Number of protein chains: 2
Amino acid sequence: MPDGDVFAALANPVRRGLLVALRDGPRAAGELAGHFALSRPAVSEHLAVLRHAGLVREEPRGRHRYYHLAAEPLAGVQEWLHPFERYWRDRLAALRDLVEEEDDR
Amino acid sequence: MPDGDVFAALANPVRRGLLVALRDGPRAAGELAGHFALSRPAVSEHLAVLRHAGLVREEPRGRHRYYHLAAEPLAGVQEWLHPFERYWRDRLAALRDLVEEEDDR
DNA sequence: GCAACCTGTCGGAGATTGTTGACATGTCGG
DNA sequence: CCGACATGTCAACAATCTCCGACAGGTTGC
């Protein structure tokens with residue numbers, strides 16, 4: 001169902017801040033807008049991007065609309081990241097590159 | 001020195017593909033352009049974005065210019081991701097949200 | 001009902017991004 | 001030197017992103 005690109009959703013600092021804010025629990029849209037020195041429509045559109053990426057789910061209650069964090073798509077980001085992990089954790093990778101350079105020389 | 005935004009650099013699928021391709025070892029710019037059904041200048045610009053984000057380093061050798069993967073900035077992405085991990089690994093998080101909803105009702 | 005409130009959507013302005021063709025720079029082999 | 005090659009950069013255009021003001025729909029409380 002998440003037809004939007006999760007990576008593109010994370011590209012914007014406001015949207016990353018929204019996800020961080022939602023880590024403390026569900027928040028209403030207007031309450032979130034207060035944290036970002038931004039007009040309400042702008043925040044609303046950012047929330048729509050996050051919704052399309054499957055990163056938040058909305059729960060209308062009365063005249064408020066509460067947004068909940070839905071972090072599952074972030075697992076996909078971590079999976080994509082995982083094959084790169086050895087390139088900054090293993091010092092062997094840097095060593096291997098050096099050897100490769102020497103071979104080509 | 002990486003003045004560019006790493007998250008923004010990862011937002012583009014071509015740039016993610018470039019990083020994946022560079023995992024197999026250093027590649028020349030023209031060689032990379034062949035993999036993506038894109039004009040060579042376009043790939044060059046994408047490589048410039050990755051360079052500004054500190055995700056690749058270039059090594060001119062002769063008339064070729066080899067690009068190496070520099071994955072260190074990805075560690076920052078994983079760090080940002082880490083606090084969210086429990087929200088899709090722990091089932092307790094979902095349970096806590098349910099309890100919170102019941103409290104508000 | 002009705003007024004006040006919360007929120008999403010629409011239209012448009014301004015900035016950024018993605019792409020291409022054309023050009024400039026620098027390098028190798030004869 | 002010189003011609004062929006690999007590559008970065010520039011001008012220009014289209015597409016997309018970001019933001020705002022204005023408006024519409026639904027909800028609560030009187």
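Everything discussed here concerns the structure shown above.
As the structure is a prediction and not an experimental result, all values here were calculated from the model. (Residues numbered from 1 in each chain as written. Chains lettered and ligands numbered in written order. Predicted model: local features only at pLDDT ≥ 70, side-chain atom pairs only at ≥ 80, totals over all residues. Heavy atoms only, no water.)

Residues and elements named next belong to chain A. Pairing within the open sheet is antiparallel, and its three strands lie in the order β1-β3-β2. Looking at strand neighbours, the two that pair on one side only are β1 (27-28) and β2 (56-61), the edges of this open sheet. As defined by bridge partners, β1 adjoins strand β3 (residues 64-69) across two bridges and the pair is classed as antiparallel. In the sheet register, alanine 28 faces β3, and the bridge partner there is tyrosine 66. Its contacts with the sheet place helix α4 (residues 40-52) against β2 and β3, and it is angled at close to 120 degrees to β2. (Pairing = 2+ DSSP bridges. Helix = DSSP H or I, 4+ residues; strand = E, 2+ residues; numbered from the N terminus. Contact = heavy atoms within 4.5 Å. Axes fitted to C-alpha atoms, helices over the stretch in contact; angles between N-to-C directions.)

The transformation that overlays chain A on chain B combines an axial shift of 0.0 Å with a rotation of 180 degrees, and the residual RMSD is 0.1 Å. The relationship between the two copies is best expressed as a two-fold rotation axis. Looking at the rotation axis and the C-alpha trace of chain A, the residue lying nearest is alanine 11 of chain A, at 3.0 Å. Here 100% of the contact residues of chain A are again contact residues in chain B; the copies associate through an equivalent surface. (Least-squares fit on C-alpha atoms with pLDDT ≥ 70 in both.)

On to the protein's contact with DNA strand D, then. The immediate surroundings of DNA strand D are formed by 22 residues, with Ser39 and His46 of chain A together with Gly30, Arg65 and Tyr67 of chain B found nearest. In DNA strand D, atoms within 4 Å of the protein come from the sugar-phosphate backbone in 66% of cases. Contributions of two or more residues to the surface near DNA strand D are made by α4 of chain A together with α3 (29-34), α4 (40-52) and β3 (64-69) of chain B. (Near = heavy atom within 4 Å.)

Moving on, we get to the pairing of β3 of chain B. Residue and element names in this part refer to chain B. Sheet analysis places strand β2 (residues 56-61) next to β3, joined by six bridges and oriented antiparallel. By the bridge assignment, arginine 57 is partnered in β3 with histidine 68. Between β2 and the antiparallel strand that follows it, β3, lie two residues; glycine 62 among them carries a positive phi value of about 65 degrees.

Each side of the interface is counted separately: chain A has 33 residues, and chain B has 34 residues. Note on chain A versus chain B: buried area summed over both sides is about 3,200 Å², and carbon and sulfur give 62% of it. Counting the contacts that link chain A with chain B gives two salt bridges. A salt bridge links aspartate 5 of chain A to arginine 16 of chain B; its shortest N-O distance comes to 3.7 Å. The interface formed by chain A and chain B contains four residue pairs in polar contact (both at pLDDT 80 or more). At the level of secondary structure, the elements contributing two or more residues to the side of chain A that touches chain B comprise α1 (6-10), α2 (13-22), β2, β3, α5 (72-81), α6 (85-89) and α7 (92-104) of chain A. For the side of chain A that touches chain B, the element with the most residues is α5 of chain A, which contributes seven residues. Considered class by class, the residues forming the side of chain A that touches chain B number 18 nonpolar, two polar and 13 charged. (Buried area = accessible area lost by both parts, 1.4 Å probe. Salt bridge = Lys/Arg side-chain N within 4 Å of Asp/Glu carboxyl O. Polar contact = N/O pair within 3.5 Å; in protein donor to acceptor, adjacent residues only side chain to side chain. Nonpolar A, V, L, I, M, F, W, Y, C, P; charged D, E, K, R; others polar.)

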